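Chain by chain, the residues run as shown.
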Amino acid sequence: MSDYKLNTICVQGGYHPGNGEPRQIPIVQSTTFKYDTSEDMGKLFDLETSGYFYTRLQNPTNDYVAAKIAELEGGTAAMLTSSGQAANLMALFNICECGSHIVASSSIYGGTFNLISVTMAKMGIGVTFVSPDATEEELNAAFQENTRAMFGETIANPALTVLDIEKFAKVAHAHGVPLIVDNTFPTPVNCRPIEWGADIVTHSTTKYMDGHGTAVGGAIVDSGKFDWMAHADKYPDLCTPDESYHGIVYAEKFGMAGAFITKCTSQLMRDLGCIQSPQNAFYLNLGLESLHVRMQRHVENGQAVAEFLQSQPKVKSVSYPGLPGDKYYEVAQKYLPKGGCGVVSFELYGGRAAAEAFMKRLKLAAIETHVADARTCCLNPATSTHRQMNDEQLAAAGVPAGLIRISCGLEDKEDLIADLKQALEGVE
Ligand SMILES: *Cc1c(COP(=O)(O)O)cnc(C)c1O
């Protein structure tokens, strides 16, 4: 780990070219790698030496970018995946198997909720969802003998709840399991969950890290702080010989710093194959080079838009953890002192019709199923992602028909506010 500040790591972390080598990260557009002897290659297969043999497992371009993300999060190792979904699947599946159980915050991204509650259930992995606001006693009560992981999102998409990471980590550790935190929305620029006790951090790099709506991707970072061997009974895959790798015991051979990511790469990436393409890793790195500059502006615009909306009589409510009075304001002050993200959600009086009329009039904010992009965009869940629900079901799900989620981009905040203002004028 370097001693450089986060801003410097964003720009120069992960890749350190030697004399006469490319200044920018090279895109190693090659599926395979050449060796002089079979013995050389054999050592790679036995994990005796590190190196590359096939891009489904590892590629130098990806590794440079993963190293930067590991540094940004303050972790010991990281890997890139083809998407954020793949990152959460692999992070969980690396320590869960048929018969395992997960405790997860109920306030998480819809895709992850489905992954855990439907697809992982088909693999025989159970889940107990807990409120992000649950007390320690309530969290404790959700754990079972077979619980292998606890999961939450620093700032949940789209609910904008803020996770009390220390509390979740404390409970997870009391039960001898790691806390996995999806840190997509704040990014390490605004929060580093490992400093608060998280053991594994995941990302949909598709969002702010890429930041330009260019490439779908994900990342997994290991803090290197979870002692697998101390809980060897729970994690036999890490702590007993892997017969598919000549009897290697990951936690022994690679220690706390490397076991999780090495196993995730050599078993899961090998078998599931959801690697990020080197070309996309290159785009992701371009995004990372300005992440620290962009996050500041996203937060500034999010805060300004949230404050403007709050002052408007046609707006029933605004959710933004940076607003004094928001349910998560105090927690956000603790974990997100520099601000959280650029996503704001608000509800208009007049429900679905008002939301439709409002969004139709917007000129700068485009209607998109996306967030965390340089360009401002918005979505009315009732007419898009939650379209199959009626108004009563929507209200019960905490997504009222008049709710709009706006992701503030990098434009001038005065232009954004002027756009919202003229659109509100068209609402009855
Ligand atoms: C978008 C998102 C995901 C899924 O990521 P993809 O890159 O779309 O697969 C996971 N978690 C959070 C918090 C997200 O916002």
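Criteria and thresholds
- Residues numbered from 1 in each chain as written.
- Predicted model: local features only at pLDDT ≥ 70, side-chain atom pairs only at ≥ 80, totals over all residues.
- Heavy atoms only, no water.
- Near = heavy atom within 4 Å.
- Polar contact = N/O pair within 3.5 Å; in protein donor to acceptor, adjacent residues only side chain to side chain.
- Areas by Shrake-Rupley, 256 points an atom, 1.4 Å probe, with all protein chains shown as cover.
- Helix = DSSP H or I, 4+ residues; strand = E, 2+ residues; numbered from the N terminus.
- Nonpolar A, V, L, I, M, F, W, Y, C, P; charged D, E, K, R; others polar.
- Salt bridge = Lys/Arg side-chain N within 4 Å of Asp/Glu carboxyl O.
- Buried < 20%, exposed > 50% of the residue type's maximum accessible area, 1.4 Å probe, protein only.
- Pairing = 2+ DSSP bridges.
- Axes fitted to C-alpha atoms, helices over the stretch in contact; angles between N-to-C directions.
- Left-handed = near helix turned anticlockwise from the far one by under 90°.
- Contact = heavy atoms within 4.5 Å.

A. Representation of the site of the ligand within the structure. In the vicinity of the ligand, 16 residues are found, and the nearest of them are N157, D182, S204, T206 and K207. S204 places a side-chain nitrogen or oxygen 2.8 Å from an oxygen atom of the ligand. Between the ligand and T206, the relevant distance is 2.6 Å, taken from an oxygen atom to a side-chain nitrogen or oxygen of the residue. Isolated, the ligand exposes 380 Å² of accessible area, and the fraction of that covered by the protein chains is 92%. With three residues, helix α4 (residues 84-93) is the largest single contributor of residues to the shell around the ligand. For the shell around the ligand, a count of residues per class yields three nonpolar, 10 polar and three charged.

B. Region of the structure containing the pattern of salt bridges. Considering all chains together, one arrives at 12 salt bridges under this definition. K253 is paired through a salt bridge with E48; the nearest N and O atoms lie 3.8 Å apart. Here the residue K253 occupies a position in helix α10 (residues 250-253), and E48 occupies one in the loop between α2 (38-45) and α3 (60-73), the gap between them amounting to 205 residues. Relative accessible area serves as the criterion here: at 38%, K253 is assigned to the partly exposed category.

C. Highlighting the sheet that holds strand β12 (residues 403-407). The strand order β8-β9-β12-β11-β10 describes an open sheet built from five strands, whose pairing is mixed. Each of the sheet's edge strands pairs with one partner strand only, and the pair in question is β8 (315-319) and β10 (366-367). Direction of pairing for β10 relative to strand β11 (residues 377-379): parallel, over a ladder of two bridges. Bridge assignment links I367 to a residue of β11, and that residue is C378.

D. Representation of the packing of α4 against helix α11 (residues 255-272). Relative to each other, α4 and α11 sit at 115°, their axes nearing to 10 Å. α11 is crossed by α4, and the crossing has right-handed handedness. Where α4 approaches α11, its residues L89, M90, A91 and F93 are matched on the opposing element by F260, C264, L268, M269 and L272. Tallied by class, residues from the contact of α4 with α11 come to nine nonpolar, no polar and no charged.

E. Spatial organisation of the pairing of strand β1 (residues 77-81). Among the five residues in β1, five count as buried, and that is most of the element. Here β1 shows two buried faces, one formed by A77, M79 and T81 and the other by A78 and L80. Here β1 runs beside strand β7 (residues 218-222); their pairing, made up of five bridges, is antiparallel. Note that in β7 the partner of M79 across the bridge is I220.

In short, the description is geometric, and any link to function would need to be established separately.
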